[in-house]
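Breakdown of the fold
As a plain string of letters, each chain reads:
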Amino acid sequence: MAWGALFVPGAVRAQSGDGDEATVHLKPSRLLQESLPEDARQQAPTFVRGDRIEGQTDSVTTVEGNAELRRHDTVIRADRLEFDQRDSEAKATGNVLINRNGDRFEGPELQINVDTFKGQFQKPNFTLLQNEGKGDASRLDFLGEDHATAHQARYSTCPRTPGADWMPAWLVRATRIDFDNVEEMGTATGGVLEFKGVPILGWPRFSFPLTDKRKSGLLPPTINLDNINGLELTLPYYLNIAPNLDATIYPTLMSKRGLELGAEVRYLQPSYVGQVRGAFLPSDPLRDADRWGYSLQHNQNLSNTSLGLGGSAGLSLDLNRVSDDNYWRDFPRAFGTLTNRLLPGNAVYSWGLGPWAVSAGVYTWQTLQDIDAPITPPYDRLPSVAVRYSRGDGRIGGVSGWDYSVLSEYTRFESNPLLTRQPNGSRSMAIAELSRRWETPGWFVKPRAQLHATQYHFDNPLADGSRTASRVLPTVSLDSGLIFERDTSYFGRAFVQTLEPRAFFTWTPYRDQRLLPNYDSAANDFNFATIFSENVFGGNDRISDTRAFTVGASSRLLDPDSGAEIVRVGLAQRYLIRDQNVFLPNTSALSGGAPVTDRLSDILLATRVQWTPRWTVDTNFQYSPGARESVRTTLGVRYMPSRYRVFSAAYRVQRGSSEQYDFGWQWPLNDLWETPAKTGVPGRGLGAGQWYSVGRINYSVPDRKVVDLVAGFEYDAGCWIGRVVLERLQRSASSANQRILFQLEFSGFSRLGSNPLKTLKDNVPRYQYLREDINPPSRFQQYD
């Protein structure tokens, strides 16, 4: 016999007392309720069944043979069951099974109060739903709906194998384990963690998670071994201060450098979010000095405050500072922003209302210098204030659709004049822009006009003795293109093929800008976006006198059913009508510090092919017609047949500068000796017993050496995962940071060892975690 519910969507007609019919439309649903309201739970009926039932109403009911008691979220089965209806006490003997919200307990004898869920279970085996935890005990005390205590217990997330004895790959053995389903934590007293029968971690009292819910306490220690720090041991402590506030303290003991104290605080509010991180290492023997670093990120919505001024407003803080120039080299695993050589320190207020937008902020940098590879520090902007007014679809001369905008900005630039060899100063500018796009499905034309006015004031005189300078430059451009389509087929496959020629004309007159300082301009990268732009420089201190005509064309093959792009090919080249006489000072890059006289630019060719979802091929070529050779080439291919199987390779060469090979992969080694039939489940891997090889190698041809290397193995045993990773990251031209990462991950319990997961995710393209919770389990998964 079985119970079930059948719900048929449709309409129910009800007749009122006066004979009128009302139609009630029912909404279909395939969802079963995980929980009932408290009042409904109290009124939920209790069902009892079995081969033989004896008893009286409001007294003791005895069920013999295939006995079962079922009540909403609780099922009890046994050979014999006694149920006292007066106080809801139940006693079950012989092959007893109790299922409570998906948690299953099996054993020889149970006594339980169905209402309060208090009682005892003798010699039970149990399986928990949330993390697939399993175990056994000499006795289990139910202390209510959400609490239980197991005595002389064993616990693991490894599957239970048939047989009298249960000896999984890893387990927690304790004199007592308390389970708290409110805090979603287990606490072991007199416990020890065993792996392959060997005790590896013991403590008089420790807790472990039953789910991913946060809880204050010691986190698993991490161990690293590298050539800079030696043996490195971190003992983090987590503080769950509030649902929207937590902190982590992580003291780290390094055998070669001493004790480093680090901490991180995260906070979240409806109107702001942020985090603060810092570390301090006193008397570092590596540099014979105190070492420190901190990072603060804060973003706040000020729209509902007086600072919002009726529009949308926000405040953004990004502060990063370290103790010295060598910090990025000596702490390669510090917070992400602190491993760079340019550390920002910004505070920005922004506001917007309709067509108006305002931003005001200070932007500073800490530049970490390397004597072997010095860099010019960027200018601090103290402050920078900008006001922008923009409107779209405006009407001019009876023609609608015009877009226009006006941007005004004031910036104070400060740096060390001895390093920059330029005077500090301020820059005021205004940029007015007007454009209109005419288009149909087959073509488009977009004229655009811009007026750029700039005024400078300098702390020290320029080479000609002046302390001020100004510049006004107009720019006009015309962008246009055609779009053709046709149905075609290649290799027996139907496509929609496009042909999209494009022509771009731009004109900016020449203004002598050689005496002007360069605060924020740099040469744009030469690519398909910049070749169809007016200015070859970024920033506002240099405006190129570009008088050029750019032509290009692209063609695409589209899937007629999905619209997916299967193939894309693009070609473009720029023709200079006159020499370009504006160039960057002290540079040998784009202009070589001299006017550009070549009429024809390099040719750009790019292709992308994704004939099947598994394969992707990208190529980019920059070819110089004058030198008759490739200036820059990038070739990339990626093969990803299924989850947890990916291989990528790339070749990058820039003539006279660099040449590199790059390989990345994540691949199951079991494919070498068995049929690769499994596709895998997100966050669950390909199943137990799988070996994986993971890594990335970057090789420099001119240096004839591996620049960066991350390579290792992962073994997924189902309830535990082992990882060994070798990492070698170049610190300078003559030195590299090397370390070995080892980790044991006990599924649903904890991780011990190093932390190679972040290294793999950051370095291996398309790397996927073998364990990652996607959806919370439902009690109906173990309902019977």
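Now for a look at the structure at hand. (Residues numbered from 1 in each chain as written. Predicted model: local features only at pLDDT ≥ 70, side-chain atom pairs only at ≥ 80, totals over all residues. Heavy atoms only, no water.)

1. Considerations on the overall build of the protein
The number of helices and strands found in the protein is 4 helices and 49 strands. The long-range fraction of contacts in the protein, counting pairs at least 24 apart against all pairs at least 6 apart in sequence, stands at 48%. Roughly 41,500 Å² of accessible area belongs to the protein as shown, and the carbon and sulfur atoms make up 56% of that amount. (Helix = DSSP H or I, 4+ residues; strand = E, 2+ residues; numbered from the N terminus. Contact = heavy atoms within 4.5 Å. Areas by Shrake-Rupley, 256 points an atom, 1.4 Å probe, with all protein chains shown as cover.)

2. What to know about the pairing of strand E48 (residues 736–746)
In terms of burial, E48 is largely enclosed, as 8 of its 11 residues are buried. For strand E18 (residues 222–226) and E48, the ladder comprises 2 bridges, and the chain directions are antiparallel. Paired with Leu225 across the bridge in E48 is Ile740. Judged from the 4 bridges that link them, E48 and strand E49 (residues 750–753) form a sheet pairing that is antiparallel. Paired with Glu745 across the bridge in E49 is Arg751. Following E48, the chain reverses through 3 residues before pairing antiparallel with E49; Gly748 in that reversal takes a positive phi of roughly 70°. (Buried < 20%, exposed > 50% of the residue type's maximum accessible area, 1.4 Å probe, protein only. Pairing = 2+ DSSP bridges.)

3. Notes on the nonpolar core
Grouped together as the largest cluster of nonpolar side chains are 45 residues, with contacts concentrated most on Leu110, Phe142, Tyr155, Trp170, Phe746 and Phe749. Looking at this core, the element that brings in the most residues is strand E14 (residues 170–180), giving 5 residues. If we skip the residues at most four places from it in the chain, Leu110 touches Ile76, Ala90, Lys91, Ala92, Val96, Ile98, Gln120, Phe121 and Phe142. Met254, Leu281, Trp328 and Leu368 belong to the second largest nonpolar core, which has 12 residues in total. (Core = buried A, V, L, I, M, F, W, Y, C linked by side-chain atoms within 4.5 Å.)

4. Thoughts on the side chain of Gln497
Mapping Gln497 onto the fold places it in strand E35 (residues 493–507). Engagement of the side chain of Gln497 in a polar contact is seen with the side chain of Tyr490, the distance being 3.3 Å. Those residues in contact with Gln497 that lie beyond four places of it in its chain are Phe484, Glu485, Arg486, Thr488, Tyr490, Ser555, Arg556 and Leu557. (Polar contact = N/O pair within 3.5 Å; in protein donor to acceptor, adjacent residues only side chain to side chain.)

5. Overview of the pattern of salt bridges
Under the counting rule described, the total for this entry stands at 43 salt bridges. Across the pair Asp330 and Arg287 runs a salt bridge, and its minimum N-O distance is 2.7 Å. Residue Asp330 is located in helix H2 (residues 327–330), and its partner Arg287 is located in the loop between strand E23 (272–284) and strand E24 (289–301); the two are separated by 43 residues in the primary sequence. The exposure class of Asp330 is buried, given its relative accessible area of 0%. Assessed through its relative accessible area of 36%, Arg287 is described here as partly exposed. Here Asp662 ties to Arg696 by a salt bridge, and the two come within 3.1 Å at their closest N and O atoms. Here Asp662 is found in strand E44 (residues 658–668), whereas its partner Arg696 is found in strand E45 (residues 690–700), with 34 residues between them in sequence. Overall, the relative accessible area of 5% leaves Asp662 in the buried class. Salt bridges sharing common partners tie together Arg257, Asp284, Arg287, Arg291, Asp324 and Asp330. (Salt bridge = Lys/Arg side-chain N within 4 Å of Asp/Glu carboxyl O.)

6. So, the packing of aromatic side chains
For any pair of aromatic rings, the description rests on two quantities: the centre-to-centre distance and the angle between the ring planes. Counted by the stated rule, this structure contains 31 aromatic pairs. The aromatic ring of Tyr363 is capped on one face by Arg381, whose charged end is 4.2 Å from the ring centroid. (Phe/Tyr/Trp six-rings, centres within 6.5 Å; stacked < 30°, edge-to-face > 60°. Lys NZ or Arg CZ within 6 Å of the ring centre and 35° of its normal.)

7. Considering the state of the cysteines
Under the definition given, this model contains 1 disulfide. For Cys158, the disulfide goes to Cys719, at an S-S distance of 1.9 Å. On the S-S bond that ties Cys158 to Cys719, the torsion sits near 65°, and the link is right-handed. Of the two residues, Cys158 sits in the loop between strand E13 (147–156) and E14 while Cys719 sits in the loop between strand E46 (705–716) and strand E47 (720–730), which places them 561 residues apart along the sequence. No difference in accessibility class separates Cys158 from Cys719, as the two residues are buried. (Disulfide = S-S within 2.5 Å.)

8. Notes on the pairing of strand E30 (residues 425–436)
In this structure, strand E29 (residues 399–414) lies alongside E30, joined through 12 bridges in antiparallel fashion. Bridging across to E30, Leu407 finds its partner in Ile431.

9. Overview of a nonpolar patch on the surface
Taken together, Ile223, Leu225, Leu231, Leu233, Leu235, Leu253, Leu259 and Leu261 make up a surface patch of nonpolar side chains, about 710 Å² in accessible area. Counting only elements with at least two residues in the nonpolar patch, the list comes to E18, strand E19 (230–234) and strand E22 (258–268). Counting through the fold element by element, Leu231 comes out in strand E19. Overall, the relative accessible area of 48% leaves Leu231 in the partly exposed class. (Patch = residues over 30% accessible without salt bridge, like charges linked within 9 Å, V, L, I, M, F, W, Y side chains within 5 Å.)

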